[in-house]
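# Notes for the structure review
Residues per chain are reported as follows:
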Amino acid sequence: MITRHVVDVHLLLVRDGQILLSLRRSGDEYDNRWHLPSGKLEAGESATAGAAREAAEEIGVEIEPGALHLCHVAHVTAPGRDARIGLFFRVARWRGEPFNREPDKCYALQWFPLNDLPANLIEYSALGITALNSVKTYSELGWE
């Protein structure tokens, strides 16, 4: 059996020293916790195309793939979950004002100061946010 890793794309939208987070609605241990707008790549989709698609689907903004700058890669795993590679893209510019396009998956969107993030931030998202002010471009989470 061949095990494959899921590839997630995460969006780091920063404006006036604040980052956009979404409050997850999931019915699992991550319910009611903050995370970055994100999603899984679809078959045949490039990482930048997937990130732009997720931006439109989740937060209603238009992003040109050229406005995405890869700032971090994380390899994560957790008990009972598929291992995954997370690609964190800082968004240089976007069109439109973010709003919650998936209320079945997200309770709310909110801007947070980068130096005052919520306590209930999902650790996976924190890896990419921390990378905004770091030279560390790779991390691992959940591996022994």
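Now for a description of the structure that goes with this document. What you are looking at is a predicted structure, and each value in this text was computed from that prediction instead of being measured.

Turning our eyes to something else, we now look at the overall build of the protein chain. On a plain count of helices and strands, the protein chain comes out with two helices and eight strands. Listed by position from the N terminus, the elements making up the protein chain come as β-β-β-β-α-β-β-β-α-β. Whereas a compact globule of 144 residues would reach a radius of gyration of roughly 15 Å, the protein chain reaches 14 Å, a difference of no more than 12%. Its C-alpha atoms give the protein chain principal-axis dimensions of roughly 45 × 35 × 35 Å. The buried share of the protein chain, reckoned over its 144 residues, is 44%. Nonlocal contacts in the protein chain, meaning residues at least 24 apart in sequence, comprise 70% of its contacts between residues at least 6 apart. Total accessible area computed for the protein chain in this model is approximately 7900 Å², and 51% of it derives from carbon and sulfur atoms. For the protein chain, the distance from the average position of its 15 positive side-chain charges to the average position of its 20 negative side-chain charges is 2 Å.

Let us look at unusual backbone geometry. One non-glycine residue, D16, lies in the positive phi region at around 50°. Among the secondary structure elements, D16 is positioned in the loop between β1 (6-15) and β2 (18-24). Within the chain, N32 stands out as a residue other than glycine whose phi angle is a positive 65°. Summarising the element assignment, N32 is placed in the loop between β2 and β3 (34-35).

A word on the packing of aromatic side chains. Tallying each qualifying case throughout the model produces three aromatic pairs. When the centroid spacing of 4.9 Å and the interplanar angle of 75° are considered together, the rings of W34 and F112 count as edge-to-face. Residue W34 is located in strand β3, and its partner F112 is located in strand β7 (residues 106-113); the two are separated by 78 residues in the primary sequence. Owing to a relative accessible area of 10%, F112 belongs among the buried residues under this scheme. A ring pair is formed by W94 and W111, whose centres lie 6.3 Å apart and whose planes are at 20°; its orientation type is stacked. Taken together, the residues span a long stretch of sequence, with W94 in the loop between β6 (84-91) and β7 and W111 in strand β7 at a distance of 17 residues.

Okay, the layout of surface pockets next. The space that makes up the largest pocket amounts to roughly 810 Å³. If you go around the largest pocket, you meet 34 residues; those closest to its centre are R24, H35, S38, K40 and R84. Going through the elements one at a time, β1, β2, β4 (38-40), α1 (47-59), β7 and α2 (123-131) are the ones with two or more residues in the lining of the largest pocket. Per-class residue counts for the lining of the largest pocket are 11 nonpolar, nine polar and 14 charged.

Attention now moves to the nonpolar core. Soluble, globular proteins show a tendency: their nonpolar side chains are buried together. If you look at the biggest cluster of nonpolar residues, it comprises 19 residues, and the most contacted ones within it are L12, I19, L21, L36, F88, Y124 and I129. The set of elements that each furnish at least two residues to this core consists of β1, β2, β5 (68-76) and α2. Counting 16 residues, the second largest nonpolar core, distinct from the first, contains V9, A51, A55 and W94.

Tracing the backbone through its elements, the reader meets E45 in the loop between β4 and α1. Discounting chain neighbours no more than four positions away, the residues touching E45 are K40, G50 and R53.

Regarding α2, the residues found buried are Y124, S125, L127, G128, I129 and A131. Elements that come into contact with the buried residues of α2 comprise β1, β2, β3, β5, β6 and β8 (138-141).

The next point concerns the pairing of β1. Burial of β1 is extensive: eight of the 10 residues sit out of reach of the surface. In terms of strand pairing, β1 meets β6 through eight bridges, oriented parallel. Note that in β6 the partner of L11 across the bridge is F89. As defined by bridge partners, β1 adjoins β4 across three bridges and the pair is classed as antiparallel.

About the thresholds
- Residues numbered from 1 in each chain as written.
- Predicted model: local features only at pLDDT ≥ 70, side-chain atom pairs only at ≥ 80, totals over all residues.
- Heavy atoms only, no water.
- Helix = DSSP H or I, 4+ residues; strand = E, 2+ residues; numbered from the N terminus.
- Rg over C-alpha atoms; globule rule 2.2 N^0.38 Å.
- Buried < 20%, exposed > 50% of the residue type's maximum accessible area, 1.4 Å probe, protein only.
- Contact = heavy atoms within 4.5 Å.
- Areas by Shrake-Rupley, 256 points an atom, 1.4 Å probe, with all protein chains shown as cover.
- Lys, Arg positive; Asp, Glu negative; His and termini not counted.
- Charge placed at Lys NZ, Arg CZ, Asp CG, Glu CD.
- Phe/Tyr/Trp six-rings, centres within 6.5 Å; stacked < 30°, edge-to-face > 60°.
- 1 Å grid on protein atoms, 1.4 Å probe; cavity = no way out; pocket = protein on both sides within 12 Å on 5 of 7 lines; lining within 4 Å.
- Points joined across faces, edges and corners; volume = space filled by probe spheres on them.
- Nonpolar A, V, L, I, M, F, W, Y, C, P; charged D, E, K, R; others polar.
- Core = buried A, V, L, I, M, F, W, Y, C linked by side-chain atoms within 4.5 Å.
- Pairing = 2+ DSSP bridges.

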